[in-house]
Amino acid sequence: MEKKFETNAIRTQLERTKNLEHSVPMYVTSSFVFDDAEDMRASFAEEKDRNIYSRYSNPNSSEFIEKVCQMEGAENGFAFASGMAAVFSTLAALLDSGDHVLSARSIFGSTHSLFTNFFPKWNIDHTYFKIDELDKLEELITPKTKIIYAESPTNPGVDVLDLEALGKIAKKHNLILVIDNCFATPYLQQPIKFGADLVIHSGTKLMDGQGRVLAGITVGSNELIDKVYRFSRITGPALSPFNAWVLSKSLETLAVRVDRHCDNALKLAEFLEGHEKVNWVKYPHLKSHPKYEIAKKQMKAGGCVVAFEVKGGVEAGQKFFDSIQLLSLSANLGDARSIVTHPASTTHSKLSPEERVETGVTDGMVRVSVGLEHIDDIIADISQALG
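Undergrad: Quick rundown of the overall build of the chain? Include the residues and the values.
TA: A count of helices and strands for the chain gives 14 helices and twelve strands. What you see for the chain is a C-alpha radius of gyration of 21 Å, in line with the 21 Å of a compact globule of 387 residues. Principal axes of the C-alpha set define a box for the chain whose edges measure 75 × 50 × 35 Å. Out of the 387 residues in the chain, the part that is buried amounts to 57%.

Dropping the structure here:
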């Protein structure tokens, strides 16, 4: 029987344990024992599908992976200790010295640092493409290009890329399309439907939803995930059983929470759009968003993040942040608590001023992760801070 999203977020094949618990318990153990020498030999030889060591697999991680695979329409996955562990391990597992990555220019600051500071040491090159120039993307493909990488919506500018267009280009040139789906979650968007081969999430964000744990996950085809698994099994970036258990419980309320996040975010975006102290505002399901029609096509709703620019530059921005009373000043997002962030001085501070301009991060940009408080209280705090 085909199940709906909300059911897939709650029910898995791992529910029925030998002790018949209604909820999968915590398996806080580093390793697992064997019946005899032959059982141990066969397990390490991968003749048996069983848990050996929690760096390889653990029932809690397996349940979390199964849920995300069900929600994303993926065959398999691997869970990581953080979102960046997922990004690095996925790319490192698939790339060889001499390979080339074609990446969207608007990406998370740490991912940018990975491309510019670390991959060059291993002779892995990259080229950035502008998110609004997909028609020129094929001109940037070289014989050494192996992966197309992008976020949609992007961090922090909530720009939207046409996933279907990217999927067609990747398939035409036999490239691996990797999409960071963190801002949307599987509830709002399933990139595999549009041609993505692998989908990455920072489970730290909306999947957890309460700012408690760090986590990451990559899901996709069995063939590609096997490569990611074998790299990660050796290098050790696995998710802890406790964090996996927390995340699996959090996913049970993902749809309900994200619906409220999106309702609040759209109302805040509409309020900011007409504010005299704001230069511009971006939110995927706001009609003024330059990629509104694409966002409506591939996203069920607009997500929890609103970006806007305060009039008056750096000084006005500092006054705004210092005047916030209710909302949290933090670099996280996707929390039940609303958060305001200044990307130019925090998440994207490692970029040069020129690089920030290229990615759309202005000195006055504010990123709001709209939480689950009453929308009147969220708007009131931002309104008084702007005033």
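Undergrad: Account for helix 6 (residues 163-172), with residues named and values stated.
TA: Among the residues of helix 6, Leu 163, Leu 166, Gly 167, Ile 169 and Ala 170 are the ones counted as buried. Looking straight down helix 6, one finds that the buried residues subtend no more than 165° of arc, so they occupy a single side. When the buried face of helix 6 is taken as reference, the exposed residues oriented beyond 90 degrees from it are Lys 168, Lys 171 and Lys 172. Near the N-terminus of helix 6, the side chain that reaches the backbone nitrogen of Glu 164, with its oxygen 3.2 Å away, is that of Asp 162. Asn 174 lies just past helix 6 and shows a positive phi near 55°.

Undergrad: Before we move on, could you go through the sheet that holds strand 1 (residues 76-80) and cite the residues and values that matter?
TA: Read from one edge to the other, the open sheet built from seven strands follows the order 1-7-6-5-4-2-3, with strand pairing classed as mixed. With partners counted over all chains shown, the strands left at the sheet margins are strand 1 and strand 3 (125-129), one partner each. Along the sheet, successive strands turn relative to each other by an average axial angle of 20°, direction set aside. Both strand 2 (residues 100-104) and strand 3 contribute to a ladder of five bridges, which runs parallel.

Undergrad: Can you explain helix 8 (residues 222-235)? Please cite residues and give values.
TA: With 14 residues, helix 8 extends 20 Å between its outermost C-alpha atoms, agreeing within 8% with the 20 Å of an ideal straight helix rising 1.5 Å per residue. Here helix 8 has its buried residues at Leu 224, Ile 225, Val 228, Tyr 229, Ser 232 and Arg 233. For helix 8, the arc enclosing every buried residue in end-on projection is 165°, short of the 170-degree limit, so these residues lie on one face. Facing away from the buried surface of helix 8 by more than 90 degrees, the exposed residues are Glu 223 and Ile 234. In the core, the buried residues of helix 8 are packed alongside strand 1, helix 4 (83-94), strand 5 (176-180), strand 6 (198-202) and strand 7 (216-220).

Undergrad: Which residues make up the side chain of Asn 264, and what are the values?
TA: You can see Asn 264 is positioned in helix 10 (residues 254-273). Side-chain polar atoms of Asn 264 contact the backbone oxygen of Gly 371, separated by 3.0 Å. Contact partners of Asn 264, with chain neighbours within four places excluded, come to Val 370, Gly 371, Leu 372, Glu 373, Ile 375 and Ile 378.

Undergrad: Which residues make up the nonpolar core, and what are the values?
TA: Membership of the largest hydrophobic core comes to 77 residues, with the highest contact counts inside it found for Ile 148, Leu 166, Phe 308 and Phe 320. Per-element tally for this core: the top contributor is helix 10, with eight residues. Counting 30 residues, the second-largest nonpolar core is a separate cluster that includes Phe 78, Leu 114, Ile 225 and Val 228.

Conventions we followed
Residues numbered from 1 in each chain as written. Predicted model: local features only at pLDDT ≥ 70, side-chain atom pairs only at ≥ 80, totals over all residues. Heavy atoms only, no water. Helix = DSSP H or I, 4+ residues; strand = E, 2+ residues; numbered from the N terminus. Rg over C-alpha atoms; globule rule 2.2 N^0.38 Å. Buried < 20%, exposed > 50% of the residue type's maximum accessible area, 1.4 Å probe, protein only. Arc of directions from axis to C-beta. Polar contact = N/O pair within 3.5 Å; in protein donor to acceptor, adjacent residues only side chain to side chain. Pairing = 2+ DSSP bridges. Axes fitted to C-alpha atoms, helices over the stretch in contact; angles between N-to-C directions. Expected span 1.5 Å × (residues − 1). Contact = heavy atoms within 4.5 Å. Core = buried A, V, L, I, M, F, W, Y, C linked by side-chain atoms within 4.5 Å.

Functional significance is not addressed by these values, which are geometric in nature.
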